[in-house]
Amino acid sequence: MGFLRGLFGKKPGKKEGAGAESENWDSVVYDRNTVNFQDKEQRDRYVTGCLEQIAEATREMHLLAGEYSMVTGYLTDMEEIEALPPEETEDLECIARRLLAMEQERERYQGKKNRMRDADYYRMQEQETEVAGGIGKLRESEEYGELVRQDLKRLDRERHAYEYRRAELENMLNNFRGMAVIFLAALAACFAMLLVLQFAFDMNTQVGYLLAAGAAVVAVVVIWVKYTDAEGEKRKVNQAVNRLILVQNKVKIRYVNNRNLTDYLYMKYNVDSAATLEKRWRRYLQEKEERKEYAEAAAKLEYYQKQLVAKMSNYHIANPGRWASKPGAILDKREMVEMRHELIGRRQSLRSQLDYNNGVAETARQEIQDLKDQYPMYAAQIQELVDRFNGVG
């Protein structure tokens, strides 16, 4: 009876995921259709996958929070400068004007062609302590991003292969069901004909009954064996697809976070590759050595820079040292606007990364809660697994 229910109990439906393209690696996919939640091993593996996504996203948010706070602090400094009283603004602009004059005087000494522009030089100077590490980090991010992208393509190809095989198995199962119907119909027709021969024509049909029954038994056994094998393989394929989806979800998070990190580093250093940043860094180091020749002008410049920092330290400025290299921004509102746009762009990029990871974590938490709501008989076991993963108790 179980075999007959297996043959006739399912109606052919749409192939799950067959032919579906998954080039959008930003999204995290949850597919419960291929998970038997009554199986503890499958259930625990599914919940652990969700918990690992939460942990991955949480770690990334912790890393992003410090940079976000720093960028926000710079924007707050701008607001403080623009909100200064007129007399304080005049004093600050007076120092900034002298500082700017010293910069212009120094530039006259730097008449050598192909020198680095002050804006680029000070940008590199501002990031000097992190550029050397940033080059390695950016190169590593580019290489890692390519490796993860190749992994995602490989996982996509593997998952599509399994889905294609699943579609073939579903078609085979449908064929076996059809064959069973045909054999049963043929057996019924054969018995009907034998009954007609026995009772209408008074013929001895005992051998015919035996042959028909034997043929039916052989056909049913063959179909049952092949059907059972196909069902078993389909279960294995479903488990493999589910495993690949869980792996893909983790790799997708890493891909998106790495891509966002790479884009942010490009924006932060205003480059399009690690090679460009390395070239600019070497040029900066050479420029730095050349500028040492202008010690007198540099000494005057340093004097007014200190005056500017000391003056700004009297205000609610989180990082007065940053403005020592930006006197033009204090005097020229257009330059201040450009700086604000850059910082806002960086903050938006960080905010987007924080929102993405927060969304990943929240979606995974909701997925676990939905599982507990849908399967209340396993809610305690799921919560125990969550607590154990988080180190509670």
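**Brief notes about the overall build of the protein chain**
Working step 1: Looking only at helices and strands, one finds eleven helices and zero strands in the protein chain.
Working step 2: Counting helices and strands in the order they occur from the N terminus, the protein chain gives α-α-α-α-α-α-α-α-α-α-α.
Working step 3: For the protein chain, whose C-alpha radius of gyration is 36 Å, the value lies well above the compact-globule estimate of 21 Å for 393 residues.
Working step 4: When the backbone C-alpha atoms are referred to their principal axes, the protein chain occupies close to 130 × 50 × 35 Å.
Working step 5: Out of the 393 residues belonging to the protein chain, those deemed buried represent 40%.
Working step 6: Pairs at least 24 apart in sequence give 82% of the contacts found in the protein chain among residues at least 6 apart.
Working step 7: Computed over 60 positive and 63 negative side-chain charges, the separation of the two mean positions in the protein chain equals 4 Å.

**Concerning the nonpolar core**
Working step 1: Counting 42 residues, the largest nonpolar core has Leu-92, Met-312 and Trp-323 as the members making the most contacts within it.
Working step 2: Looking at which element gives the most residues to this core, the answer is helix α2 (residues 40–82), with seven residues.
Working step 3: The contact partners of Met-312, leaving out residues within four places of it in the chain, are Ile-81, Leu-92, Ile-317, Pro-320, Trp-323 and Ile-330.
Working step 4: With 28 residues, the next largest nonpolar core counts Phe-37, Leu-51, Ala-361 and Ile-382 among its residues.

**As for the pattern of salt bridges**
Working step 1: A complete count under the given rule lists 30 salt bridges for this structure.
Working step 2: Across the pair Arg-149 and Glu-146 runs a salt bridge, and its minimum N-O distance is 3.1 Å. Pair noted here: Arg-149 and Glu-146 are both in helix α5 (residues 128–200), with a separation of three residues, about one helical turn.
Working step 3: For Arg-149, a relative accessible area of 27% gives the class partly exposed.
Working step 4: Among the charged side chains, a network of salt bridges with common partners joins Glu-67, Arg-123, Glu-130, Lys-268, Glu-342 and Arg-346.

**Let's talk about the confidence of the model for the protein chain**
Working step 1: Within the protein chain, residue pLDDT values average 80, and 92% of them lie at 70 or more.
Working step 2: Put simply, helix α1 (residues 2–8) is where the protein chain has its lowest mean pLDDT, 34, and helix α10 (residues 333–374) is where it has its highest, 89.
Working step 3: Segment residues 1–22 is flagged for pLDDT under 50; beyond a separation of four residues in sequence, or across chains, it makes 32 contacts in the model.

**So, the packing of α2 against helix α11 (residues 379–390)**
Working step 1: Running from N to C, α2 and α11 cross one another at 40°; their axes reach a closest spacing of 10 Å. Considered as vectors, α2 and α11 are oriented oblique to each other. The handedness of the crossing between α2 and α11 comes out as right-handed. Contacts between α2 and α11 involve Lys-40, Arg-43, Asp-44, Val-47, Thr-48, Leu-51, Glu-52 and Ala-55 on the former and, on the latter, Gln-381, Ile-382, Leu-385, Val-386 and Phe-389.
Working step 2: For the contact of α2 with α11, the residue count by class is seven nonpolar, two polar and four charged.

**A word on a nonpolar patch on the surface**
Working step 1: There is a patch of nonpolar side chains on the surface, built from Val-217, Val-220, Val-221, Trp-224 and Val-225 and spanning about 420 Å² of accessible area.
Working step 2: Tracing the backbone shows Val-225 in helix α6 (residues 206–269).

Criteria and thresholds
Residues numbered from 1 in each chain as written. Predicted model: local features only at pLDDT ≥ 70, side-chain atom pairs only at ≥ 80, totals over all residues. Heavy atoms only, no water. Helix = DSSP H or I, 4+ residues; strand = E, 2+ residues; numbered from the N terminus. Rg over C-alpha atoms; globule rule 2.2 N^0.38 Å. Buried < 20%, exposed > 50% of the residue type's maximum accessible area, 1.4 Å probe, protein only. Contact = heavy atoms within 4.5 Å. Lys, Arg positive; Asp, Glu negative; His and termini not counted. Charge placed at Lys NZ, Arg CZ, Asp CG, Glu CD. Core = buried A, V, L, I, M, F, W, Y, C linked by side-chain atoms within 4.5 Å. Salt bridge = Lys/Arg side-chain N within 4 Å of Asp/Glu carboxyl O. pLDDT = per-residue confidence, 0-100. Axes fitted to C-alpha atoms, helices over the stretch in contact; angles between N-to-C directions. Parallel < 35°, antiparallel > 145°, perpendicular 65-115°, else oblique. Left-handed = near helix turned anticlockwise from the far one by under 90°. Nonpolar A, V, L, I, M, F, W, Y, C, P; charged D, E, K, R; others polar. Patch = residues over 30% accessible without salt bridge, like charges linked within 9 Å, V, L, I, M, F, W, Y side chains within 5 Å. Areas by Shrake-Rupley, 256 points an atom, 1.4 Å probe, with all protein chains shown as cover.

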